[in-house]
Each structure stands twice: as C-alpha cells, then as structure tokens.
Amino acid sequence: MSKLFRAVILGPPGSGKGTISERVASSFGLQHLSSGDFLRENIAAKTEAGVLAKAYIEKGALVPDDLMTRLIIPRLEQMTRHSWLLDGFPRTLAQAKALNSICELDMVISLNIPLETLKDRLRHRWIHPASGRVYNMRFNPPQVQGVDDISGEPLIQHEEDKPEALVARLRHYKDMAKPIIDLYRAKGILHMFSDTETDRIWPHISSLLSSKIPTDLTDAQRATNH
Ligand SMILES: Nc1nc2c(ncn2[C@@H]2O[C@H](COP(=O)(O)OP(=O)(O)OP(=O)(O)O)[C@@H](O)[C@H]2O)c(=O)[nH]1
Ligand SMILES: Nc1ncnc2c1ncn2[C@@H]1O[C@H](COP(=O)(O)OP(=O)(O)O)[C@@H](O)[C@H]1O
C-alpha cells in the first residue's frame, strides 16, 4: 500500500485554516480532521469525553491537554488507511509532544497572517448558529444581508469575534504557538505562508503538496472517497 501522508495546519483564529483545509481535502483526497468538529460530534453523541469537554468549551476555555489527547489520539490511530490533514490540534506543546509520540508528520503548514488582516476578517465573520455555517460579509457574504442562505434565519456574531475579545485571543495564540512552531521548524517539516489573502496563499500550498504527495496516493484515495 502507498505510504500515508500526514500533515498539520497551524494558524491563528481567522487565518483561513478551515478554508484551506477544505481545498486540500478536495484537491488531494486527504481527510480533513478538525478538532472543533470532532469535539462537537462527541458533544452531540454525549460520549463521556464529549460531556466533559462541553463544560470547558462553554466557558470559552481550551479543553485540558489530557482530555483532548485522550479524544484525538485514538481517532488518529484508527486512520491506518487514509492520509490526513489535522486542523485545530496540536494547540499546546504538550499536545504536539503527544502527537509526536504516535506518528511521524510529513508536513506542517503554518499560516502567518498580519494581525490587522485577522482583526478585519473576524470582525466581518457572521455565523448561522443552528448549522454552524460561516459567512464573511466581504469574502463570502450571504445572498441576503444578515440572513442564512439555506434556512432564512438570522445570522449572529460570536462574542469572541467582537473587536474587544479579538486582540486578547490573537495574543494568546501567539504565545501558545511559538514553541510548537519552533519544534516543527527544528524537525525541518515547517512551511510558513505569509500573505493577506487565502487565494494568493493557496497556489503555493497546492504546488508544495503536489511535489510531496505521490500521484498514485491521491488517485487511490480519490477512488476510496467516491
Ligand atoms: N477577506 C478574506 N476573508 C477570508 C479569506 N480566507 C478566509 N476568509 C474568511 O475569514 C474567516 C475565517 O476563515 P476560516 O477558514 O474559518 O479560518 P480558521 O483559521 O479556520 O478560523 P478559526 O475557526 O477561528 O480557527 C471566514 O469568515 C472566511 O470566510 C481571505 O483570503 N480574505
Ligand atoms: N486542540 C485543542 N485543545 C484544546 N481545546 C480545543 C482544541 N481544539 C478545539 N478545542 C476547543 O473547542 C473549541 C472549538 O474549536 P474550533 O472549532 O477550532 O473553534 P475556535 O475557532 O472557536 O477555536 C475551542 O474554542 C476550544 O475550546
């Protein structure tokens, strides 16, 4: 069987991790694993870990490392036949070390987006709370201002995306991410992308992945995904 490809995407809130991960998944057949989606699935299914995690998320706190790794590591260990791109994990150095202990990453994509751009983007992010659909009043606005395209229900803005909460969140990310980025740089697998637009970053990520992922792998995965 072809060798699996395992990658992580790092970046501050609003840097475009979710947007780019979706493009990687559809162009290269990698499975997009989002820690936030995975937590929400566990919360919805009322698993023991999901119930514990919910209390932290509702307070706006990170899920503690031991609980988070207990949730995500077995999930990754099950992925013996699919290549993946992990988004939202690791978020701390302890999580990065836990990940290291179970697999050898092939690549780390780090998005380095100017602070002013992040503030500007998140200020314009609106969501439909029932479905989790995300809009950006400039980049991908809804068809009718303030209203979800599918349900017609009103959109809201996250407390944490309001300007007052933003600067603190972005500073916190920087402090947490630095040792993780240093670790991956030392391993020689870090690729940093700096720009203000996802559409300008994407061609670089796409050509990097094309050079690293054997085509027989992407073909094989597309076949299993269909
Ligand atoms: N203006 C602009 N907005 C963008 C661009 N790329 C993504 N966005 C928007 O910026 C917001 C954040 O993008 P996401 O892909 O959700 O970013 P993320 O890094 O996953 O964010 P978190 O979930 O907060 O960690 C969304 O509203 C996107 O639609 C871009 O190049 N320009
Ligand atoms: N790797 C992680 N470590 C700890 N907590 C996490 C992790 N990933 C996600 N979470 C928790 O789940 C919440 C939702 O995650 P996510 O969907 O990535 O959205 P956000 O952009 O709000 O951080 C986070 O706010 C955090 O409480």
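Residues numbered from 1 in each chain as written. Chains lettered and ligands numbered in written order. Predicted model: local features only at pLDDT ≥ 70, side-chain atom pairs only at ≥ 80, totals over all residues. Heavy atoms only, no water.

An unreviewed UniProt entry annotates the protein chain as Adenylate kinase 4, mitochondrial of Bagarius yarrelli. Quoted straight from UniProt, the Subcellular location (unreviewed entry) entry for the protein chain says "Mitochondrion matrix". (UniProt positions renumbered as here; feature names shortened; annotations may be inferred.)

Enquirer: Can you walk me through the site of ligand 1 in this structure?
Expert: The local shell around ligand 1 holds 18 residues, among which Gly14, Lys17, Gly18, Thr19 and Thr198 are the closest. At 3.5 Å from an oxygen atom of ligand 1 is found a side-chain nitrogen or oxygen belonging to asparagine 136. Starting from 650 Å² of accessible surface for ligand 1 in isolation, the protein chains cover 84%. Of all the secondary-structure elements, those providing two or more residues to the shell around ligand 1 are α1 (17-28) and β6 (133-136). (Near = heavy atom within 4 Å. Polar contact = N/O pair within 3.5 Å; in protein donor to acceptor, adjacent residues only side chain to side chain. Areas by Shrake-Rupley, 256 points an atom, 1.4 Å probe, with all protein chains shown as cover. Helix = DSSP H or I, 4+ residues; strand = E, 2+ residues; numbered from the N terminus.)

Enquirer: How should I be thinking about the UniProt feature "domain: Adenylate kinase active site lid" (unreviewed entry) in the protein chain in this particular structure?
Expert: According to UniProt, the feature "domain: Adenylate kinase active site lid" (unreviewed entry) maps to residues 125-157 in the numbering used here. As annotated, residues 125-157 comprises 0% helix and 24% strand, and the C-alpha atoms at either end are separated by 7 Å.

Enquirer: Please explain the packing of α1 against helix α8 (residues 198-212) as it appears in this structure.
Expert: Packed helices, taken two at a time, are described by their axes: the angle between them and the distance between them. Where α1 meets α8, the closest approach of the two axes is 11 Å, and the angle between their N-to-C directions is 40°. Put simply, α1 runs oblique to α8. Remark: the crossing between α1 and α8 carries right-handed chirality. Between α1, through Thr19, Ile20, Arg23, Val24, Ser27 and Phe28, and α8, the contact on the second element is made entirely by Thr198, Asp199, Ile201, Trp202, Ile205, Ser206, Leu209 and Ser210. (Axes fitted to C-alpha atoms, helices over the stretch in contact; angles between N-to-C directions. Parallel < 35°, antiparallel > 145°, perpendicular 65-115°, else oblique. Left-handed = near helix turned anticlockwise from the far one by under 90°. Contact = heavy atoms within 4.5 Å.)

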